[in-house]
Amino acid sequence: IPYAEKKRIVIIFEANDHLETDAYISIKDTAEYIRECGSPCFRLQLDTMHMLYEHEECYQQVLDCADILAQVDISGRDRTCPADGEFPYDQVLKALKESGFSGYLAFEYRSVPPRAREGLAYIREKLPNAEWNMVPHTELKEMSRNVKFAVRTGEFTPYPNIILRAGVAFPA
C-alpha cells in the first residue's frame, strides 16, 4: 500500500463469494478490512453476481460502503445478462445515485447472442443520458498497450466488459 500511495495508484479489492474463495466474502468484512488499512489508495469493488450468491442486501450495503467504493460490476447469476430480473439492480443504481458515487460501473455478462444485445439494451434503458463510447477489442488492446500494471484473475471466459465512469445523474 505505501508503494501504491507513493505512485498514486488505486488498489481495488473485490468482495467475492463462497463459490470462489473462503476469505473476504461479505461486503461488511471486506469493507472493514479496507478501512482498517486506512489508505485512500485501497478501495472496494462490489459485484452484483457475488452479492446475489451471498444473498447480500444491496441498497444499504452500497450506502454503507460508499466512502470506499471504487467500482461496481453488474451481472446476473453465472454472468447472465443483467436483465434477467433475479437481482434488484434498480436498488443498486438508486443507492449509487444517492451516495454520489463517482467510480466505475462495469457491466459484465456473457456475450451469448442474442442475449448480449438484450443486456446492452437493458443498460441503455437504465442509463438513458449516459454518453457511450464503444471500443472494438483490437482498439482497446492498443489503448492499453502502455499499461504499467494489471492484475488478471485467470478467467478464460470471454465476457464483454463495459466500464462506465460515473458522476452523471442516472435514474434509480
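The text that follows walks through the structure, step by step, so that each part is easy to find. (Residues numbered from 1 in each chain as written. Predicted model: local features only at pLDDT ≥ 70, side-chain atom pairs only at ≥ 80, totals over all residues. Heavy atoms only, no water.)

**Examining the overall build of the chain**
Next, step 1: What the chain contains, in helices and strands, is seven helices and five strands.
Next, step 2: Secondary structure elements in the chain, listed N-terminal to C-terminal, are α-β-α-β-α-α-β-α-β-α-α-β.
Next, step 3: Here the chain, with 172 residues, has 38% of them falling under the buried criterion.
Next, step 4: When contacts within the chain are restricted to residue pairs at least 6 apart in sequence, long-range pairs at least 24 apart make up 76% of them.
Next, step 5: Total accessible area computed for the chain in this model is approximately 10,700 Å², and 52% of it derives from carbon and sulfur atoms. (Helix = DSSP H or I, 4+ residues; strand = E, 2+ residues; numbered from the N terminus. Buried < 20%, exposed > 50% of the residue type's maximum accessible area, 1.4 Å probe, protein only. Contact = heavy atoms within 4.5 Å. Areas by Shrake-Rupley, 256 points an atom, 1.4 Å probe, with all protein chains shown as cover.)

**Observations regarding the packing of aromatic side chains**
How two aromatic rings sit relative to each other is given by the distance of their centres and the angle of their planes.
Next, step 1: With the rule as written, the count across this model stands at three aromatic pairs.
Next, step 2: One aromatic cluster is present, formed by Phe-13, Tyr-33 and Phe-42 through successive ring pairs. (Phe/Tyr/Trp six-rings, centres within 6.5 Å; stacked < 30°, edge-to-face > 60°.)

**What to know about the side chain of Gln-61**
Next, step 1: Checked against the element boundaries, Gln-61 lands in helix α4 (residues 58-64).
Next, step 2: Judged by relative accessible area, Gln-61 falls into the buried class, the value being 16%.
Next, step 3: For Gln-61, the side chain forms a polar contact with the side chain of Glu-56, separated by 2.8 Å.
Next, step 4: When near neighbours in sequence (up to four residues on either side) are disregarded, Gln-61 contacts Ile-27, Lys-28 and Glu-56. (Polar contact = N/O pair within 3.5 Å; in protein donor to acceptor, adjacent residues only side chain to side chain.)

**As for the pairing of strand β4 (residues 104-108)**
Next, step 1: The element β4 is extensively covered by neighbouring structure, given that four of its five residues are classed as buried.
Next, step 2: Note that strand β3 (residues 69-74) and β4 share four bridges and pair parallel. Residue pairing across strands places Ile-74 opposite Phe-107, the latter belonging to β4. (Pairing = 2+ DSSP bridges.)

**Focus: the environment of Val-72**
Next, step 1: With respect to the helices, strands and loops of the structure, Val-72 is situated in strand β3.
Next, step 2: Taking the C-alpha atoms as reference points, Val-72 and Gln-45, separated by 27 residues in sequence, lie 5.7 Å from one another.
Next, step 3: When sequence neighbours within four positions are dropped, the list of residues in contact with Val-72 reads Leu-46, Val-92, Leu-96, Phe-101, Tyr-104, Leu-105 and Ala-106.

**Examining the nonpolar core**
Next, step 1: Leu-44, Leu-46, Leu-69, Val-72, Leu-96 and Leu-105 are the most contacted members of the largest nonpolar core, which has 33 residues in total.
Next, step 2: Mapped by element, the contributors of at least two residues to this core are α2 (27-37), β2 (42-47), α3 (48-53), α4, β3, α5 (89-99), β4 and α6 (115-126).
Next, step 3: At five residues, the largest contribution of residues to this core is made by α5. (Core = buried A, V, L, I, M, F, W, Y, C linked by side-chain atoms within 4.5 Å.)

**Some thoughts on the side chain of Ser-39**
Next, step 1: Of note, Ser-39 is situated in the loop between α2 and β2.
Next, step 2: Residue Ser-39 is classed as buried on the basis of its relative accessible area, which comes to 8%.
Next, step 3: Those residues in contact with Ser-39 that sit more than four places away from it in its chain are Ile-1 and Glu-5.

**Some thoughts on the pairing of β3**
Next, step 1: The buried count for β3 comes to six of six residues, which makes it a mostly enclosed element.
Next, step 2: As paired strands, β2 and β3 are joined by four bridges and run parallel to one another. Bridged to Gln-45 within β3 is Gln-71.

**Some details on unusual backbone geometry**
Next, step 1: Phi at Arg-8 takes a positive value of approximately 60 degrees, unusual for a residue other than glycine.
Next, step 2: Tracing the backbone through its elements, the reader meets Arg-8 in the loop between α1 (2-7) and β1 (11-14).
Next, step 3: Overall, the relative accessible area of 76% leaves Arg-8 in the exposed class.
Next, step 4: Positive phi is not limited to glycine here, since His-55 has a value of about 55 degrees.
Next, step 5: Here His-55 shows up in the loop between α3 and α4.
Next, step 6: Classification of His-55 by relative accessible area gives exposed; the value is 71%.

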